[in-house]
Amino acid sequence: MSRTFEPVFVGCSDWHLAESAYVNRDVMGDAIDAVTRIVDYACEHNLPAVASGDLFDAARPPATVVAAALQQIDRLQEHGLGFYYTQGQHDVDREFPWVSLHPWATHLHRQSFDIGDVRVYGIDWVPSGRITAELEAVPSGTHVVAAHQVWCDFMGSR
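Residues numbered from 1 in each chain as written. Predicted model: local features only at pLDDT ≥ 70, side-chain atom pairs only at ≥ 80, totals over all residues. Heavy atoms only, no water.

From N to C terminus, the protein chain includes four helices and seven strands. Overall, the protein chain shows an N-to-C arrangement of helices and strands of β-α-β-α-β-β-β-β-α-β-α. In the protein chain, buried positions account for 41% of the 158 residues. Within the protein chain, contacts between residues separated by at least 24 positions form 68% of all contacts whose residues are at least 6 apart in sequence. Total accessible area computed for the protein chain in this model is approximately 9200 Å², and 52% of it derives from carbon and sulfur atoms. (Helix = DSSP H or I, 4+ residues; strand = E, 2+ residues; numbered from the N terminus. Buried < 20%, exposed > 50% of the residue type's maximum accessible area, 1.4 Å probe, protein only. Contact = heavy atoms within 4.5 Å. Areas by Shrake-Rupley, 256 points an atom, 1.4 Å probe, with all protein chains shown as cover.)

What follows is about the side chain of Asp124. Positionally, Asp124 belongs in the loop between strand E6 (118-123) and helix H3 (131-136). Residue classification places Asp124 among the buried residues on the basis of a relative accessible area of 1%. Residues in contact with Asp124, not counting those within four places in the same chain, are Thr86, Gln87, Arg94, His107, His109 and His148.

With that settled, consider empty space enclosed by the protein. Under the criterion given, the structure shown has one cavity of 30 Å³ or more. There is about 40 Å³ of room inside the largest cavity. For the lining of the largest cavity, the class distribution of residues is six nonpolar, one polar and one charged. (1 Å grid on protein atoms, 1.4 Å probe; cavity = no way out; pocket = protein on both sides within 12 Å on 5 of 7 lines; lining within 4 Å. Points joined across faces, edges and corners; volume = space filled by probe spheres on them. Nonpolar A, V, L, I, M, F, W, Y, C, P; charged D, E, K, R; others polar.)

Each strand in a sheet pairs with its neighbour through backbone hydrogen bonds, running either in the same direction (parallel) or in the opposite one (antiparallel). The three strands lie next to each other as E5-E6-E7, forming an open sheet whose pairing is mixed. Edge strands, defined here as strands with exactly one partner in the open sheet, are strand E5 (112-115) and strand E7 (144-147). Averaged over all neighbouring strand pairs, the angle between strand axes comes to 30°, with direction disregarded. In the sheet, E5 pairs with E6 via four bridges, with the strands oriented antiparallel. By the bridge assignment, Phe113 is partnered in E6 with Val120. (Pairing = 2+ DSSP bridges. Axes fitted to C-alpha atoms, helices over the stretch in contact; angles between N-to-C directions.)

Let's shift gears to the pattern of salt bridges. Counted by the stated rule, this structure contains seven salt bridges. Across the pair Arg60 and Asp93 runs a salt bridge, and its minimum N-O distance is 2.4 Å. In this pair, Arg60 is assigned in the loop between strand E2 (49-52) and helix H2 (63-78) and Asp93 in the loop between strand E3 (83-86) and strand E4 (105-107), connecting sequence segments 33 residues apart. When its relative accessible area of 57% is taken as the criterion, Arg60 is described as exposed. By relative accessible area, which is 7% here, Asp93 ends up buried. As a salt-bridge pair, Glu134 and Arg130 come within 3.6 Å of each other at their nearest N and O atoms. What makes Glu134 buried here is its relative accessible area of 6%. When salt bridges with common partners are traced through the structure, they connect Arg110, Arg130 and Glu134 into a single cluster. (Salt bridge = Lys/Arg side-chain N within 4 Å of Asp/Glu carboxyl O.)

With that settled, the discussion passes to the sheet that holds E4. Across the sheet, which stays open at both edges, the four strands sit in the order E1-E2-E3-E4 with parallel pairing between neighbours. Looking at strand neighbours, the two that pair on one side only are strand E1 (10-12) and E4, the edges of this open sheet. Taking each pair of neighbouring strands and ignoring which way they run, the sheet shows an average axis angle of 20°. Pairing between E3 and E4: three bridges, direction parallel. Note that in E4 the partner of Tyr85 across the bridge is His107.

That is the geometry; function is a separate question.
Right, here's the structure in full:
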């Protein structure tokens, strides 16, 4: 028996927004263009966005890069679509997550929210010694965990 599912949100991660992600190749604006396309898709399909970490390529991104991210969140807000996010190891800032500059953005670290019948819980990147405790704290009834963790933290180095 085949089941079909309707999407309830656009999930994405690893934007790595920077003025130039490939500076050694003279490519400018590539990451910003990719995020624009993700938001285009969310708006076209009337879906909120859940971004799971590494939205920026640095914990202290340039103002122009932060502005580019906030402009995309503006677009989601104009369509009445939520924007939920966690932080990754490249952009984690425990004092002030940059995306929180936008009042429409919801920081998910240790928080839950519902989209229809789907409960989503978020976990920011944490050092590998803390991930087990974070996962054990996921509330029962959670359907999706939006998290950003480094693969080798689970698998070890090879």
